[in-house]
Amino acid sequence: MQGLIDTLILYRVWVLAAISTIVLILLVIKFWDKIKFWWLCSWMSFPLIGGIAKLSKSKTIKDKWYDSERVLCSKFYRYYISFDKDGKMYDNSVSYLNKIDEIGRKPLPIFMLIIIFALVILEALGFAYVLAGYTIPGASESLQQKGALGIAFIISIILVMLTHFSGDEMYKNSLAKKVREFFVVEKNDYKNNTDSSLKLIPNSKVNLQENHLDDNEPRCLQILNRLKHTNAQVTRTWYISIITAVLIVFIAIGATYVRGQVLEKQLNQEISNVVTNVYESAPSELAEIQTEADNKALQEQQEADRKGGWATFIVLAVLFVFIQILGIIIGFKWGFAGKQSKEAYLYSHGFASRDEFESFYNLKKDRIASVANEKLSILQSKMSNLIHSHAISGDELDMVDEKYRTFDNYIKEHKEKDRQRRIDKEVGKVKEAMEIKKGKEKAEQDNKNDEIYERSEKVEKIPAPKQNEISSENSPSLPPQKSKKEILKEFKELLDEGLISQEKYDEKVKEILG
């Protein structure tokens, strides 16, 4: 263990660099959107090779806008649209979290990430001590320590990930259990109110924007519609938890066994290091008594060391298991199981009311629009100077002086196009549904016409009795014939059902009556 500590001290610069890098990565992940926007603003203003410098050289015109102006506006629009939210989004977010019963939950905070990182370091150090001497047999002690530390870090990271995912799985299972419990309570009332059976089938159309679609649905369906990664039966799954438990038990037992073997090795070395000839000059009886006493003392000492060592190893194993359980608890307590719960949390967290939400997002939008208009003005100024200096045509000069092309008007145009695309999409869906309906109606009408044709063909094939024909029910040689009255009755039924026309009916009457 001391050698490992000496190695860490020797490479303290690299260790601190690794820790600083991990902390920096965590901060970058947390503030990534702000960093990207800052970089966009900086890159646009960069001289000679920046965004504005490159865009100012393009003079392609389309729909009263220079392409370069649209490119610049589009880069800022993607940030603007992320803050283009009204009070309805706040209401939807709060309602979304309420419906899935995740109001009050939070994502994993930064301080917990630091704690998890510290646990990884501690576990890695513990595993490195256990694995040292067994990872790269035959290598130098320094190389064995480095290899043990690397393998230990990999094992620790895997364990931290598995325990976190196990906690997340357990939390999701708790929501699946709630769905089942609500289902048992609500299915009878649902059947009485709707005359249909309640089925656990999620509505895929429900999302953060369309949160109202299940306002009147039972509680079990409201949770199910938002719960991610559920199976068809909405039952609990334990795959990750079982794998994690098996791995924890295996590592705890394995590490304890290895520690025990290391202890036995050390005890055996103590025996081999005992000098057996220390009492050669003493009388034989005295030497024998003294040697026996020394061996007994050594055995007692080794027995005490063995018991103390194994007690320590058991404590370390229990501590290891406790740390893994702590990781599972962290995964269970923080995070979300809803499809858009984290997004809903980000929209609603930190705002006491809808008005506060709207004020914040309006401020953000105005700031982005202000920066975008500023960059657009710089671009237009550069383009104006370039066009005037090259004596371009009057149309292009008029384009340069046009005051319509602002970021605010770009937003209006873009939103109008989006609105029109949504309308066209809905119209397309309606037309498609109408075409399908027409196809079904046509198929049904064709089947009905075929049926009418077959029935009329059968009736027309019935021979009309002649005047000179004599029907006799008692005649043994001739089959019984239908009377005129019966045939006329059949044609009258066809006429009443609309299967034949009046003209066809009159024609048949004349034919039968002669």
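Every value quoted in this text rests on a predicted model; they were computed, and no experiment measured them. (Residues numbered from 1 in each chain as written. Predicted model: local features only at pLDDT ≥ 70, side-chain atom pairs only at ≥ 80, totals over all residues. Heavy atoms only, no water.)

Turning next to the overall build of the chain. Secondary structure assignment for the chain yields 17 helices and 2 strands. Residues counted as buried form 30% of the 514 residues belonging to the chain. For the chain, long-range pairs separated by at least 24 residues make up 77% of all intrachain contacts whose partners lie at least 6 apart in sequence. (Helix = DSSP H or I, 4+ residues; strand = E, 2+ residues; numbered from the N terminus. Buried < 20%, exposed > 50% of the residue type's maximum accessible area, 1.4 Å probe, protein only. Contact = heavy atoms within 4.5 Å.)

Contact geometry for helix α6 (residues 87-99) and helix α12 (residues 341-348): axes closest at 8 Å, N-to-C directions at 130°. In terms of axis orientation, α6 runs oblique to α12. Remark: the crossing between α6 and α12 carries left-handed chirality. Contact with α6, carried on its side by Met-89, Tyr-90, Ser-93, Val-94, Tyr-96 and Leu-97, involves Ser-341, Ala-344, Tyr-345, Tyr-347 and Ser-348 of α12 and no other residues of that element. Its residues placed into classes, the contact of α6 with α12 shows 8 nonpolar, 3 polar and no charged. (Axes fitted to C-alpha atoms, helices over the stretch in contact; angles between N-to-C directions. Parallel < 35°, antiparallel > 145°, perpendicular 65-115°, else oblique. Left-handed = near helix turned anticlockwise from the far one by under 90°. Nonpolar A, V, L, I, M, F, W, Y, C, P; charged D, E, K, R; others polar.)

Contact geometry for helix α3 (residues 32-45) and helix α5 (residues 67-82): axes closest at 11 Å, N-to-C directions at 160°. When the axes of α3 and α5 are compared, the pair comes out roughly antiparallel. Note that α3 runs across α5; the crossing there is left-handed. Contact residues: α3 offers Asp-33, Lys-36, Phe-37, Leu-40, Cys-41 and Met-44, while α5 offers Leu-72, Lys-75, Phe-76 and Tyr-79.

On to the nonpolar core, then. Grouped together as the largest cluster of nonpolar side chains are 25 residues, with contacts concentrated most on Phe-37, Leu-72, Phe-76, Tyr-80, Leu-379 and Phe-407. Those elements that place two or more of their residues in this core are α3, α4 (51-55), β2 (65-66), α5, α13 (354-389) and α15 (407-460). In terms of residue count, α13 provides more of this core than any other element does, 8 residues in total. Sequence-distant contacts of Leu-72, defined by excluding residues within four places in its chain, comprise Met-44, Ile-52, Leu-55, Ala-372, Lys-375, Leu-376 and Leu-379. Residues Tyr-171, Leu-200, Leu-221 and Leu-227 belong to the second largest nonpolar core, which totals 14 residues. (Core = buried A, V, L, I, M, F, W, Y, C linked by side-chain atoms within 4.5 Å.)

Confidence in the prediction for the chain averages 82 pLDDT; 83% of positions are at 70 or higher. A low-confidence stretch, residues 467-479 stays under pLDDT 50, and its non-local contacts, those more than four residues away or across chains, total 2 contacts. (pLDDT = per-residue confidence, 0-100.)

Within the chain, Leu-48 stands out as a residue other than glycine whose phi angle is a positive 70°. Its place among the elements puts Leu-48 in the loop between α3 and α4. Judged by relative accessible area, Leu-48 falls into the exposed class, the value being 75%. We note that Asp-195 has phi near 60°; this positive angle belongs to a residue other than glycine. Looking at the element boundaries, Asp-195 is found in the loop between α8 (141-194) and α9 (219-224).

On to the packing of aromatic side chains, then. This model, assessed by the stated rule, comprises 22 aromatic pairs. For the pair Tyr-90 and Phe-357, a centre-to-centre distance of 5.6 Å together with 40° between the ring planes defines the contact as tilted. Here the residue Tyr-90 occupies a position in helix α6, and Phe-357 occupies one in helix α13, the gap between them amounting to 267 residues. Of the two residues, Tyr-90 and Phe-357, both sit in the buried class. A ring pair is formed by Trp-310 and Phe-313, whose centres lie 5.9 Å apart and whose planes are at 75°; its orientation type is edge-to-face. Taken together, the positions of Trp-310 and Phe-313, both in helix α11 (residues 284-333) and 3 residues apart, correspond to about one turn of that helix. Sitting over the ring of Phe-31, Lys-30 keeps its end group 5.7 Å from the ring centre. (Phe/Tyr/Trp six-rings, centres within 6.5 Å; stacked < 30°, edge-to-face > 60°. Lys NZ or Arg CZ within 6 Å of the ring centre and 35° of its normal.)

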